[in-house]
Every structure is written in C-alpha cells, then in structure tokens.
Amino acid sequence: MLVFKRFFRKHTWDTLKPAGRSVQVHQGLNANQAYFQLKRILEENRVRETVYRQEYFEPNPVKRQRKRKERDWRMYLAQVNVRIKKALFLKGRTEEEKRFYKEI
C-alpha cells in the first residue's frame, strides 16, 4: 500500500525573500515611476492572477475549462507568429524572386 506524504518548505528567510518584486526608490527615480515599475513587474509575474486563484476554490470542471482556453490561446498565438514570419519573409523577397515565384 502506497502512502503519500505532503512535504512543505520551511518558512526561512530564503523562502520569504521578495522574489524580484521590489523596487528601490533612489535619487533619480521618483515615487510615481517606482509605482509603475512595480506594477509592470507584478503584471509580468502574474501576481494578482495567482492571488485571485488562491482566494477561492476552483472546481475541477472550471479548472479544465480555464486550462483549455489558455492552451487554445497559446496555440493560436503560435500559428499567428508562424504566419507573421512567413509574411515578413515574403515581403523581403527581391524583385527577381517575386518574378520567379509569383504563385507564392
């Protein structure tokens, strides 16, 4: 019989350090600039989204639906990037290449 145990990290200073989510206000940086810099960092780290998800319990069907939407969006963006690269490549062709390969 298998027994699963959950292991938690101890709350030490190493685990409680602000992981790159702090901005120092110094002589050349005023408070407004520091605020917007911190806001951008938090958006990049998706901190608000994580806090929102931990605030309420997310049932499994809702979680599956959210993950499916995220996966579909990533796949869509990947296809858009492929088409953008192809369009930029075709735009950068020389006149001679355009004459020989008109059907592309």
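Bear in mind the structure is a predicted one, so any value in this text is a computation, not a measurement.

The rules behind the values
- Residues numbered from 1 in each chain as written.
- Predicted model: local features only at pLDDT ≥ 70, side-chain atom pairs only at ≥ 80, totals over all residues.
- Heavy atoms only, no water.
- Helix = DSSP H or I, 4+ residues; strand = E, 2+ residues; numbered from the N terminus.
- Areas by Shrake-Rupley, 256 points an atom, 1.4 Å probe, with all protein chains shown as cover.
- Patch = residues over 30% accessible without salt bridge, like charges linked within 9 Å, V, L, I, M, F, W, Y side chains within 5 Å.
- Salt bridge = Lys/Arg side-chain N within 4 Å of Asp/Glu carboxyl O.
- Lys, Arg positive; Asp, Glu negative; His and termini not counted.
- Charge placed at Lys NZ, Arg CZ, Asp CG, Glu CD.
- Buried < 20%, exposed > 50% of the residue type's maximum accessible area, 1.4 Å probe, protein only.
- Contact = heavy atoms within 4.5 Å.
- Phe/Tyr/Trp six-rings, centres within 6.5 Å; stacked < 30°, edge-to-face > 60°.
- pLDDT = per-residue confidence, 0-100.

Visitor: Please clarify how the overall build of the chain should be interpreted in this entry.
Guide: Assigned secondary structure in the chain consists of five helices and zero strands. Along the chain, helices (α) and strands (β) appear in the sequence α-α-α-α-α when read from the amino end. Roughly 10900 Å² of accessible area belongs to the chain as shown, and the carbon and sulfur atoms make up 56% of that amount.

Visitor: Looking at this model, I keep getting lost on a positive patch on the surface. Mind explaining?
Guide: Side chains of Arg 64, Arg 68, Arg 71 and Arg 74 sit close together on the surface and give a patch of like positive charge. The residue Arg 68 is located in helix α4 (residues 60-91) in this model. Residue Arg 68 is classed as partly exposed on the basis of its relative accessible area, which comes to 43%.

Visitor: Can you walk me through the side chain of Glu 58 in this structure?
Guide: Within the fold, Glu 58 resides in the loop between α3 (47-55) and α4. Sequence-distant contacts of Glu 58, that is, excluding residues within four places in its chain, are made with Arg 53, Lys 63 and Arg 66.

Visitor: I tried to follow the packing of aromatic side chains on my own but got confused; where do I start?
Guide: In this description, a pair of aromatic rings is defined by centroid distance and the angle of the planes. Considering all chains together, one arrives at three aromatic pairs under this definition. Measuring from centroid to centroid gives 6.2 Å for Tyr 52 and Tyr 56, while their planes differ by 70°, and the two rings are edge-to-face. With a relative accessible area of 55%, Tyr 52 lands in the exposed category. Take Tyr 56: its relative accessible area is 53%, and that puts it in the exposed class.

Visitor: Which parts of the structure should I look at to understand the confidence of the model for the chain?
Guide: One rule of thumb: low pLDDT means the predicted coordinates there are not for detailed reading. Overall, the predicted model of the chain reaches an average pLDDT of 80, with 79% of residues at or above 70. Within the chain, the lowest mean pLDDT, 50, falls on helix α1 (residues 13-16), and the highest, 93, falls on α4.

Visitor: Would you take a moment to explain the pattern of salt bridges for this structure?
Guide: Between side chains of opposite charge, pairing is possible as soon as their charged atoms come close. Throughout the structure, instances matching the rule amount to five salt bridges. In this structure, the salt-bridge partner of Arg 53 is Glu 49, at a minimum N-O distance of 2.8 Å. Residue Arg 53 and its partner Glu 49 are located together in helix α3, separated by four residues, close to a single helical turn. The exposure class of Arg 53 is partly exposed, given its relative accessible area of 29%. Judged by relative accessible area, which is 28%, Glu 49 ranks as partly exposed. We note a salt bridge from Glu 58 to Arg 66, for which the minimum N-O separation is 2.8 Å. Each member of the pair Glu 58 and Arg 66 is classed as buried.

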